[in-house]
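Observations on chain architecture
So you can see what is in the structure, the chains are spelled out below.
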Amino acid sequence: MKLRIALVFAAVLALGACREVPQGPQIRDVRPTTLERGDTLVIELAPHVGVAGHLRPGSEVTVRLTGRVSPFKKAAYDGGLALSGRAVGAPNADSADRILVTVAEPHERSLGGHARFTGRVEIALTEGRGGVLRSAPVTLDLFPRSLRRLSEGADAAIEQRRLDAALGMTLGPSADGPVVKDLVADKPAARAGLVPGGVLRQIDDQPATVDGFYAAVAGGTGAAKIELRAGGPAAPLKLVSLPRQALPRPFWGWLAEGAILFGIALVVVLLAAVGGGFITVWERKVAGRMQSRIGPNRVGPNGWLQWLADALKLMTKEDIVPDAVDRPMFLVSPYLVFAGVFLTFMVLPFSQLLVVADLNIGFLYLLSVTSLVVVGTIMGGWASNSKWSLLGGMRSAAQIISYELPAGIALMCIAVVAGTLSPQEIIRQQGGWPHQWFIFHDPALFVAFIIYFISALAEGNRTPFDLPEAESELVSGYNTEYSGFRFGAFATAEWVNLWVIGALATALFFGGWQIPGVSEARVEQSLGLQLLSFAVFFAKAATGVFVTIWLRWTLPRFRIDQMMGMCWKYLVPGAIVCLLVVAGWVWAFAGHPGAQLVASGVVTFVCGILPLAYFLLRVRYTYRATGGKFDFNVFR
């Protein structure tokens, strides 16, 4: 026994000795990952950077992005991108802890449009010995044309004209920088000391650009510090202070931005609702096949438009509100549930480019907006003033709040491995092949996926966790007293939630939109591969939806004590153990990609290939036992 303990201890020491020891300046982080003109690229350095005297505050450095800059639907640009920056540190510090680089206008002009850089970021001293101090892999979105910029660009020209009128000047581009034109006397620009023909060099210690000038003087208090040169290249620099102009934004600008965002949200809601409608028909057809009966087969081709007929019927039915209900809460609760489900589509990345908002706190956003479902469900059950509805609401509150805890802890295991809370970035860190998916990263993550999936079924009120509805006991549970469109809102949110469960599992555990054998750079350069990546994501999510439907018509309903006992006695402790194991796994395999690859292959074989082979053998056995009459087609 002592010999075994000694061998284990020696193996741990050897594993620690094999870990990569940082030498020289280390790049810890690069933020932000999305850059536009005028943004500041912040490169954070490890604390020991200045120990060897490599980099000190105030040092001029060159940050070169070496790799591949590939604008979508354009030829790839392999020349790299060089940016000037400077090292900064804490006050009175001997070593630098970060590097600041400002993205200037010429870079956008040379690249143009939306471009993504994939490669490495290198730091080199501009003066002295030079040479590359350290490089690290990085992926940056350069100058994206986001949806918000559509509305911002609509009133940008008028906003500049309003500022020009208030300042008494106009500003135009030139080869040397922004140049002052048409200066009006007795206006703030002339009183500050700006002169006609003066070329702006810096604005608030940043390289001067036309857009940067208007951004610096628009709104706020105080004055913008402007450095300009008048009288030719040999003229001395002049520093002036231009008061900022706090001009109110016109109402039509807010109205235009709100209309554009509302239109985009409406499109997303309609598409998601249509997808939820198709799921209702699909589930009824699967249920019919599993119970040897006929499903929807009248409305549309093979009954696939039955969801449209049901939706029209619900919208045209009379909206009955009982007299004894709490009317405001009764009317609002379906829309809270509806909003809690549909807001999750803001951060779900359906392809490399098809994502509404790539938030770096996507996890926290998902956990926060889904809590609206709990609030809406409890409000609906309480406000109905019905025993059945009240019992359903209380069950739903206990169930959803309890199962949110193991689900959140299981998802945090992904954050530990990926080192980010952005769903899009998590997909980028995976690959197209199964051994590259996070579900097979280590055994603890495989168990974490099972915990998340069970918890997601419970949060979505899906069988065997459908106690809040429980048609055999509570008639319909928390929505018993609802009718018409509001009843349809509850039902639509539940069906759409199946897409959310499948899409979130696909993004976090199954590689998302990654195509096997195809790199991200190739996908970005081809519209066909972009469509294929969306098809891959859709197929994975649809598989998750089918498994969820399959379980509903296979397993019986739990009792309330069994459901709560499984959550608090097994899933919560299991999720905590998974989180600790994943953290230890990441620490142990850091710097050893070969060992991690072997471990992922073993987990893929044991947890993926073997269960799939057993499942196929059981299907083959069932097919033969039924005399070859087993019908696999659940879409008819």
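Summary of the structure given here. (Residues numbered from 1 in each chain as written. Predicted model: local features only at pLDDT ≥ 70, side-chain atom pairs only at ≥ 80, totals over all residues. Heavy atoms only, no water.)

Glancing now at the overall build of the chain. The secondary structure content of the chain amounts to 20 helices and 14 strands. In the chain, which comprises 636 residues, the share counted as buried stands at 43%. When the accessible surface of the chain is summed, it comes to about 32,000 Å², and 65% of that surface belongs to carbon and sulfur atoms. (Helix = DSSP H or I, 4+ residues; strand = E, 2+ residues; numbered from the N terminus. Buried < 20%, exposed > 50% of the residue type's maximum accessible area, 1.4 Å probe, protein only. Areas by Shrake-Rupley, 256 points an atom, 1.4 Å probe, with all protein chains shown as cover.)

This part is about helix α12 (residues 387-418). Given a rise of 1.5 Å per residue, 32 residues ought to cover 46 Å, and the 46 Å separating the end C-alpha atoms of α12 matches this to within 8%. At E404, α12 shows its largest kink, close to 25°, and the proline P406 lies no more than four residues downstream. Residue G419 follows α12 closely and has a positive phi angle near 75°. (Expected span 1.5 Å × (residues − 1). Bend = angle between axes of the 7 residues up to and from the residue.)

This part covers the pattern of salt bridges. Should their charged atoms come close, side chains of opposite charge can pair. Scanning the model with the defined rule gives five salt bridges in all. Two residues, R552 and E283, come together in a salt bridge whose shortest N-O distance is 2.9 Å. Here R552 is found in helix α18 (residues 527-552), whereas its partner E283 is found in helix α7 (residues 251-290), with 269 residues between them in sequence. Judged by relative accessible area, R552 falls into the partly exposed class, the value being 22%. Assessed through its relative accessible area of 2%, E283 is described here as buried. Among the ionic pairs, D310 bridges to R284, the shortest N-O distance being 3.0 Å. Taken as a pair, D310 in helix α8 (residues 306-316) and R284 in helix α7 lie far apart in primary sequence, 26 residues in all. Salt bridges linked by common partners bring E283, R462 and R552 together as one network. (Salt bridge = Lys/Arg side-chain N within 4 Å of Asp/Glu carboxyl O.)

Structurally, K285 can be placed in helix α7. The class of K285 is buried, set by a relative accessible area of 4%.

For the rest of this paragraph, the subject is the packing of helix α10 (residues 362-369) against helix α11 (residues 371-383). Interhelical geometry of α10 versus α11 gives an angle of 5° and a closest axis separation of 4 Å. Of the possible angle classes, the one that applies to α10 and α11 is roughly parallel. On the side of α10, the interface is formed by L367, S368 and V369, while α11 contributes S371, L372 and V373. Grouping the constituent residues of the contact of α10 with α11 by class yields four nonpolar, two polar and no charged. (Axes fitted to C-alpha atoms, helices over the stretch in contact; angles between N-to-C directions. Parallel < 35°, antiparallel > 145°, perpendicular 65-115°, else oblique. Contact = heavy atoms within 4.5 Å. Nonpolar A, V, L, I, M, F, W, Y, C, P; charged D, E, K, R; others polar.)

By themselves, these figures tell us nothing about what the structure is for.
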